[in-house]
Each structure stands twice: as C-alpha cells, then as structure tokens.
Amino acid sequence: MEILSGLAQGFAVAFTPANILFALVGVTVGQLIGVLPGIGPPAGVALLLPLTFGMDPTSAMIMFAGIYYGAMYGGTITSVLINVPGEASSVMTTLDGYQLALQGRAGAALGIAAIGSFIAGISSVILFSFFAWWLVRAALHFGPPEYFALMVLAFTLVIGLTGRSPLKGFISLLLGLFLSIVGVDILTGLPRFTFGQLKLLSGVEFVPVAMGLFGIAEVLSSVEEKEEAEFVKADLRLRNLFPTIQDWVMSRWAILRGTLIGFFVGILPGAGATTASMISYAVEKRLSQTPERFGRGAIEGVAGPESSNNAAAVGALIPLITLGIPGSATTAVMMGALLMYGLRPGPLLFQQNPQFVWGLIASMFLGNLLLLAMNTMFIPAFTSVLRLPRAILNAFVIAFSVVGVYSIDNSLFDVWLMLFFGLVGFFMKKLEYPAAPLLLALVLGEILEMSLRQSLLMSQGSPLIFLTRPISASLLALSLVTLFPLLYRGVKGLSLARKASMIPRT
Amino acid sequence: MPFGVGGGSDILARNIAKVIQEEKLLPQPLVVVNKPGGSGAVGYSYVASKRGDPYVIATVSSSFWTTPLLGQSPVNYQHFTPVAGLVYDTYLLLVNQNSAIKSLRDLVEVAKRSPKLVTVGGTGATSDDAVVTYIFQKETGIQLNLIPFRSGGEVMTALLGRQVTIAWANPGEAIGQIEGKLARPLAVAAEKRLRQLPEVPTFKELGINLVFRQLRGVVMPLDVPRDAVKIMETALLKMAKSKSWQQNYVDRNMLVPAPMGSEEFGKAIVAINEMYKKVFTELGVIK
C-alpha cells in the first residue's frame, strides 16, 4: 500500500539520530513556549526560523511541528497550577484544571492532559496519514456560511457554560461580543470603538484579557481571603500525582470526542486550536450526566479540551501540506519557512518530496511519545510548585504574567490591559459572573461577524444562503437541537407561571 | 509587516530577513512581525507610531497608499521615511480549475449577463484586489461582487472551495496551486507575459486596458537618524543585487526587480500616490 510504504519511508527519515534530536529540541522548546504565557507557537517558530537556514528542510519542519504540538502540551501546566493559561488554547483547561489543583489533584489533571494529548496526537497523525486528501477536500466545502453556522453552534453550546445564573452568563457573553468588535473593521477599513488608541486598531488581544480574567483575578481574590497558607490541601505523595483508574474511565470518551472535534476544527483554516478546545469543553459539559461538576474540578473538563487542542495542531498542518494554504498563524510561518527552503507546499509536495512529507508525519509519532514521557515524568517536579507559600506564589504569578504579556508585542499597553481585566475578573468573580463566556465570545465573535457579513455579501443580502447550503443548514439545525432543552425548560417555566393566570397565547 | 501571514507582503518580509542574515548585511537579524487588519491601517499606524525608532522597518505594498487615500488610516506616506524600492509585483486573475469559465471572454460574458453574480475573492475592501477589480469593471463595463477575506491564504482557500468564482493573487502566491492544477489563471495584469507562465495572456492582448503592478519596498518611521536610514538603504540595495535574492525571491515569486535608493523611492512613492488618487477620483471612490 502506498501510504504504508510512505510511512515506512517516513520512519526511516524521522529516526535518523539528527532528526530524533531535532524532534526533541522542537518538543522541548514547544513545551517551554507553552508554559510561558504570552509567547505562543507562531512567535516560537518565527524566532527559531533564522537558525534553520542552511539546515535540511525536513529536520527544520520536524522541529517546527514539534514546537507547535509541544506548546499544546506545555500550555496545560500553568493553567492547572496557577490558573494562568500558557496558551490561548489552554484557557478552557483553567476552568477545571485549577479547581483540581486546589483539591490537591494537580497531578491527576496534568496526567490526564498528557495522556489525552498523546492519544489525540497519535490518532490525528494516523488520520492525517490515511485521510489527508479526503479531509481537506471536505474542509474546502466550508465557506463563509458554514463558518457562520459553526459559530452559531459554538455559541449555542456556550450558553451551556453560563453557570448558575443564565442571565449573568449572557451578560458576560455580550461583553465579550462587544470586545470582539473593537478594532478596524476588515470589510470597510474603518476603526470601531478604538477611542483613538492605535493599539486598539488591531482589536482587543485575547491573551492579556484571558490572563487578566483568570491569573490576575485569582491572585486578587486569594489576597482578599484572609487565611494564610492552606491554599492547597495538597497531598503531594507520589500515589496522588497520577490519574486514577476512575479518572481514566471518566475521561476516555471526552478524550475521543475531543480528538475528533479538535482534528476537524483544526483542519478548517481560520478556526484553530482555541476554538476547538472551547467547543470540546462545551460539548463535554453538555453531554455530561453531572454538568454541575464542571467548573468545580471535573476531570473530563481537562481531558476533552486538552486532547482537542493537540489534535487541532496536527489537523492544521493538513491544508498546509496538501494545498499549500496555511490555516493558522503557526502554519503560516511554517509555510514561509518552506518557501525559503525552496519547497513549495501544495498539491505537488506529496509527489515531489515524499521523503519530506512522510518524514514529517512519522516524526510526529516520535514527538508525541517524547512529550508523553516528559509530561508524565516531570509531574512531581511541576506540582512541587504548589508547595510554595501562597504569598510567594502570587508574586511569581504576577511577575510571570506581566513579563509574558509584555513579550507578545513589547507593549506596555497589553500589560495595562491585562491588569485592567484582572480587576474586571476580580469583580466578576465576586459577583458570580462567569468569565468563560466573555472569552469565548471574544474569540468566536470576530469569526461570527466576519462570516455573517461575507455570507450576506455572497448572497447579496439574502439570509436564505444559510439554509440552502446543506452543511450550513445541518449545523444550524444542530444548533436548534442543542438549544431545544433550554427552550423547552424556558417555555415550561413560562407556561407554568402562566397557567395560574390562564392567559391564552396566540 | 502590516498584513496577515501567507500573502505576498509576508513572503517579501521573510525573504528580506533571510537574505540580510545570510549575506550578513546587517549586524543583527531582522524579526518579522505580522500586524494585519484594516487593509494595512493597523500595521502602518503601529510602525508610524514608532517615530525615531531606527529598529523598525515596514514593507510597502499598495495599501500603503490606498488605505490613507480612502481616509481609513490615521497615517499616510508622509508619516514615513522612504528607504528602498525593491520589486514590482503584478496580479493574476484566477478561477478554480474546474470552473466552467475557461477564458477571460467567458468571464466577461457571464458577468455581463448577470451583473453582481460573479463573486471575487480579495483581501480587504480597499486593497489592491479591490482597486484592480474596480479598474477591471470599468474597462469591461461589468459588475462583480467583491468578498473581502482576512489574508491571501483565505482568499485562495475560498477559490479552491469554490466559495468565490474568481480571485486575484500575486503570481508568487498562486504558483503552487496553479502547478498543482487546483487553480487556473485567466490573465495577467502585466505589460508582458510572465516568463514562468508563458501561456497566460495579458489583459492588454485580450483587448482590456488593464495593467496593474505594485511596487514593493521598505520604509521606516519618521525622525529616524539619517545614518540609520543610510545603513538600511545600503544593506537593502546590496541584498537586491545578491544572487540568493534573485534566485530565492525574485525568480521564485515571479517578480520584476526594481531596486531604488531612498531618494528615488521617495519620488516613486509620491508618483504612485498621485496615480491612486487619480484612479480613485475617476472611479468616484474619493472626491
């Protein structure tokens, strides 16, 4: 079989000592980049790019791919331990991961994230090997109306994340939507709600907002709580540092679903790992028998999103390798790199450079294995951070966050933005407004708006375009189905209330 | 770099960084930062705000002129120090390989029959894609429906997925998909046929007076020390002469070399601004 012989050839390329070394360097750097908040995989790849000129392109790409998926593993660590998402795609992990850490189960969260990421990574590479062409063709059917429908579905799922008070969740969501329209409108080039701030022309950046709402807000609330130390009733004995059988049983379907969601969303250009992890979390909560556990330390809430962001990182490589189109910021930088090495990503790459393509694919098996080993072995080291007294840890979190956010753009504006959202997050927490809907709306709002307007341009103003296209119509129907239980409950509540007064509804 | 990753400007920026480093033309490596959005308004405003900072350069492509002219950017060419002109880049008009439209004549016919039905993928509503679409419409009397996307990569995805009927792309952006038989070029908006795509006719040959090229170059913020500009200018011109530049960038991306020093580039910037102003005024886009 062509694919198997390709893979065999790929393993021969990937398992040369030099390429094993580059895979190791890649995943290690990726892990570090994942841990550091602010600096993300695109910046990591771009930083290392100049070092690779003159190198064998296959080795360079093995390293870059390693950075990409390595960062997905690394982003988990700070999310779980200190409630600071290391990557945008790890935001959802903070919701339950940090709660688990507070319960002394940081090791379980990290372990299940590593195992989930590993399963997701390996499965995605297998899907990549066998179905890349078929999948990318399917992805091309996703035009603006389909993106819009997907975003509608995502938003209906988000409504399930709104916590105890749907109204408060909804307000948080609207705030996020509002923030998502700040900046220059791409369709007209006009600035919106920028108040003359040049920095706001490119919109409200996600990372400072996320770090403020989670990391900084957490520090502020912990300072307010008077009790010293006793921050984690951490039982850091070895036995408790790894997931239990029960954790695994609870997470296995979440890992599987997360993998599939992540992989498919990852293939879609412009959607990406962050969107994938958010959808995965929302799906897990929606499907759970005990949704009330989510946000209070549900292990599936860590397993699903963590698997999905890793699968998305692999999925995102598909349009790059098969069509020569970068689907995410990181793959775009990789594409630039490939061009400089004299390789033209595109349909001919598989034929003209099979060694390169299959070598890269095979290296991902190796890279994921290395990451699994690193992430499980070092759990005791990572969790020992929690032995620090709270006061010292707080100082670290703040220093870490400020430096991380500053490093994105070398901009103090972002630091102020983060601190501002730290305050916002603190008050939201006090008043029990959930922060997750705000962040989701901030990320997804831009795609929602853009795809809506593109679709309406395509149809010259007719909203029927969403219903006449099968994929978009099915996604919208699915959104309705998702909303149904909520609507039903709402209507039932209403009708019960109305029964007493017997007002006929017409 | 005021544009998203994967487009023509991005490739330029990354190649400058590469050749400068390889040929050791500057003591420090250049780092490429993408600041896309608002048809360049975001990135250019950012660079212009770094007044006096000799460590920031920006690549210039058409939005450098068009966005400010349309009143959609707080900064215009007068907010920058010209450093060097580098290459001319032109535009290909593409359809999906499986499109029923086989030639430019087919396209014009279809568009005449049903105005606004043919969708065009482009980057930003005020980008070169939009300008060249305006000119194309004006010269042929047809009406197209322009759908803006965030990057050249997204435009190409939309074309391959047949979300849009036609798309504009720089030859270098599209060659991978053309060679891979996913997209088909109908015509090129250059004076002469491209050496690497000899079978693709020019618009002129087909009786449509459409020649459109964009000058790509490099600018710095205002108030940068004069010797810093000089150092950068010298490095860039040396780079433009190097073999690596010619082979890896100019040939591979199907460009025409146009090396210009600071002064000449400055004059070209003013001339191009006048050109856009004239076109926009003719088209009734600005008064």
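Residues numbered from 1 in each chain as written. Chains lettered and ligands numbered in written order. Predicted model: local features only at pLDDT ≥ 70, side-chain atom pairs only at ≥ 80, totals over all residues. Heavy atoms only, no water.

Visitor: Can you tell me about the nonpolar core, naming the residues and giving the values?
Guide: Ranked by internal contacts, the top residues of the largest apolar core, which has 176 residues, are F64, F128 and L213 of chain A together with I16, L236 and W245 of chain B. Membership of the second largest hydrophobic core comes to 51 residues, among which are V47, L210, I272 and Y276 of chain B. (Core = buried A, V, L, I, M, F, W, Y, C linked by side-chain atoms within 4.5 Å. Buried < 20%, exposed > 50% of the residue type's maximum accessible area, 1.4 Å probe, protein only.)

Visitor: Requested: an account of the interface of chain B and chain A, with residues and values cited.
Guide: Across the contact, 43 residues belong to chain B and 43 residues belong to chain A. Together, the buried faces of chain B and chain A total about 3800 Å²; carbon and sulfur atoms form 63% of this surface. On the chain B side of the contact with chain A, R14, R150 and Q163 of chain B bury the most area, a combined 17% of that side's loss. Across the contact surface, chain B and chain A share 0 salt bridges. For the interface between chain B and chain A, the tally reads 7 residue pairs in polar contact (both at pLDDT 80 or more). Of all elements in the fold, only α1 (8–22), α2 (41–48), β5 (145–149), α6 (152–160) and α7 (171–179) of chain B reach the threshold of two or more residues within the side of chain B that touches chain A. Per-element tally for the side of chain B that touches chain A: the top contributor is α1 of chain B, with 6 residues. Of the residues contributing to the side of chain B that touches chain A, the split by class is 16 nonpolar, 19 polar and 8 charged. (Contact = heavy atoms within 4.5 Å. Buried area = accessible area lost by both parts, 1.4 Å probe. Salt bridge = Lys/Arg side-chain N within 4 Å of Asp/Glu carboxyl O. Polar contact = N/O pair within 3.5 Å; in protein donor to acceptor, adjacent residues only side chain to side chain. Helix = DSSP H or I, 4+ residues; strand = E, 2+ residues; numbered from the N terminus. Nonpolar A, V, L, I, M, F, W, Y, C, P; charged D, E, K, R; others polar.)

Visitor: How would you summarise the pattern of salt bridges if you had to cite specific residues and measurements?
Guide: All names here are of chain A. Under the defined criterion, the tally for this structure stands at 15 salt bridges over all chains. Linking R105 and D247 is a salt bridge whose minimum nitrogen-to-oxygen distance equals 2.5 Å. With R105 in the loop between α5 (91–102) and α6 (106–140) and D247 in helix α10 (residues 245–267), the pair connects residues that are 142 residues apart, well separated along the chain. R453 is the salt-bridge partner of E449, the closest N and O atoms lying 2.7 Å from each other. One end of the pair, E449, and the other, R453, are both in helix α20 (residues 436–458), 4 residues apart, so they sit about a helical turn from each other. Classification of R453 by relative accessible area gives partly exposed; the value is 25%.

Visitor: I'd like a rundown of the sheet that holds strand β7 (residues 183–188) of chain B, residues and numbers included.
Guide: Residue and element names in this part refer to chain B. With mixed pairing, the 5 strands of this open sheet are ordered in space as β5-β4-β6-β3-β7. Because the sheet does not close on itself, it has two edges, and the strands there are β5 and β7. Within the sheet, the average angular offset between the axes of one strand and its neighbour, ignoring direction, is 30 degrees. As judged from the 4 bridges shared by strand β3 (residues 92–96) and strand β6 (residues 166–169), these two strands associate in the antiparallel manner. Note that in β6 the partner of V95 across the bridge is I166. Of the strands in this sheet, β3, β4 (119–123), β5, β6 and β7 touch α6, which is tilted by about 40 degrees from β3. (Pairing = 2+ DSSP bridges. Axes fitted to C-alpha atoms, helices over the stretch in contact; angles between N-to-C directions.)

Visitor: Lay out the pairing of strand β2 (residues 80–90) of chain B in plain terms, naming residues and giving numbers.
Guide: All names here are of chain B. Burial analysis of β2 places 10 of its 11 residues in the buried class, which makes it a mostly covered element. Alignment of β2 against strand β8 (residues 213–221), held across 9 bridges, turns out to be antiparallel. Across the sheet, V87 pairs through a bridge with R216, a residue of β8. Direction of pairing for β2 relative to strand β9 (residues 256–260): antiparallel, over a ladder of 3 bridges. Bridging from a neighbouring strand, G85 pairs with M260 of β9.

Visitor: How would you explain helix α8 (residues 166–180) of chain A if you had to name every residue and give the values?
Guide: Residue and element names in this part refer to chain A. In a regular helix each residue adds 1.5 Å, so 15 residues correspond to 21 Å; α8 covers 21 Å between its end C-alpha atoms and thus fits that length. Those residues of α8 that sit buried are G169, S172, L173, G176, L179 and S180. The buried side chains of α8 occupy one side of the element, clustering within an arc of 120 degrees when seen end-on. The inward-facing, buried residues of α8 contact α7 (144–159), α19 (412–430) and α20. (Expected span 1.5 Å × (residues − 1). Arc of directions from axis to C-beta.)

Visitor: Mind laying out the packing of helix α9 (residues 206–224) of chain A against α20 of chain A, listing which residues take part and the relevant values?
Guide: Residues and elements named next belong to chain A. Put simply, α9 and α20 touch, their axes get as near as 11 Å, and they point 175 degrees apart. Between α9 and α20, the interaxial angle falls into the category roughly antiparallel. Side by side, α9 and α20 meet where F206, V209, A210, L213 and F214 of the first sit next to L438, L439, L442 and V443 of the second. (Parallel < 35°, antiparallel > 145°, perpendicular 65-115°, else oblique.)

Visitor: Let's hear about unusual backbone geometry: which residues, and what values?
Guide: With phi around 65 degrees, N83 of chain A is a residue other than glycine that occupies positive phi space. Among the structural elements, N83 of chain A can be located in the loop between α4 (57–82) and α5. Judged by relative accessible area, which is 5%, N83 of chain A ranks as buried. At R162 of chain B, a residue that is not glycine, the phi angle is positive and equals roughly 55 degrees. On the basis of relative accessibility, which here comes to 48%, the residue R162 of chain B falls in the partly exposed class.

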